[in-house]
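This is what each chain is made of:
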Amino acid sequence: MGVKAGLTGLVLGLNLAVTGPVYAEAGHDDPTITWMPANIDWKKAETISILLEDNLFTPDDVVLTAGKPYKLVLTNVSDRHEHDLVDLAFFHSVVFQKLIIGGVEIDTPHAHSLLLEPNTSANLYLVPVKTGEYEVYCSVEGHRDDGMEGFFTIEAAE
Ligand SMILES: [Cu+2]
């Protein structure tokens, strides 16, 4: 628990919001590094860039393949507003190898959401592990109502 608390403090300091233990109540399992498929070649990670704008995601429909490595580059291009990317079901369907926020590397298999200050970006190295269609959105007040939502679909490998 001490390790987790320490990580949470670090993560919050880097504007990566880790929400409270609601996932347990919702019946989600926390991803652990044991979810990581063996022999992932990170040099082959596919890069997908997603812009967080006022107030939409571009693109807003992202398809990932389970078991493959990805580098998601999330950039808040707003000059004025913070934006986040939220949905517990999605964040519990992927396992992180690491996150890099503002040049700082965070080694964690698990995060609950991502909050980005204006004109900042984050690189998420992850492997999707649970197939499904996941609705994601920005939880900053009013942004979802303005249309800041989208879908991440995780497909089974062929
Ligand atoms: Cu927003």
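Going by the structure above, here's the rest.
Residues numbered from 1 in each chain as written. Predicted model: local features only at pLDDT ≥ 70, side-chain atom pairs only at ≥ 80, totals over all residues. Heavy atoms only, no water.

J.: What am I meant to see in the coordination of the copper ion here?
T.: Expected angles at a metal are 109.5 degrees for tetrahedral coordination by four donors and either 90 or 180 degrees for octahedral coordination by six donors. At this site the copper ion is bound by His 83 (ND1), Cys 138 (SG) and His 143 (ND1), with donor distances of 1.9 to 2.2 Å. Positions of the donor residues of the copper ion along the chain correspond to the pattern H-x54-C-x4-H. His 143 matches Cys 138 in its accessibility class, with the two residues each being buried. (Donors = N, O, S within 2.8 Å, 3.2 Å for Na, K, Ca; no water. Buried < 20%, exposed > 50% of the residue type's maximum accessible area, 1.4 Å probe, protein only.)

J.: Is there a simple way to explain the pairing of strand 6 (residues 94-101) in this structure?
T.: Every regular strand shows the same layout, with side chains that alternate between the two sheet faces. Along strand 6, seven of the eight residues are buried, which leaves the element largely enclosed by surrounding structure. Both strand 6 and strand 9 (residues 120-128) contribute to a ladder of seven bridges, which runs antiparallel. Among the inter-strand pairings, Phe 96 is bridged to a residue of strand 9, identified as Leu 126. Across three bridges, strand 6 lies against strand 7 (residues 104-106) in antiparallel orientation. Bridge pairing links Leu 99 to Ile 106 in strand 7. (Helix = DSSP H or I, 4+ residues; strand = E, 2+ residues; numbered from the N terminus. Pairing = 2+ DSSP bridges.)

J.: Looking at this model, I keep getting lost on the packing of aromatic side chains. Mind explaining?
T.: Two measures describe an aromatic ring pair: the distance that separates the ring centres and the angle between the ring planes. Scanning the entire structure with this criterion turns up five aromatic pairs. Here Phe 90 and Phe 91 contribute two aromatic rings whose centre-to-centre distance is 5.5 Å and whose plane-to-plane angle is 75 degrees, an arrangement assigned as edge-to-face. Under the relative-accessibility criterion, Phe 90 is labelled buried at 2%. Aromatic rings pair up to connect Phe 90, Phe 91, Phe 96, Tyr 134 and Phe 152 into one cluster. Directly above the ring of Tyr 125 sits Lys 98, whose terminal nitrogen or CZ lies 4.8 Å from the centroid. Its guanidinium or amino end placed over the ring of Tyr 137, Arg 144 lies 3.9 Å from that ring's centre, counting from NZ or CZ. (Phe/Tyr/Trp six-rings, centres within 6.5 Å; stacked < 30°, edge-to-face > 60°. Lys NZ or Arg CZ within 6 Å of the ring centre and 35° of its normal.)

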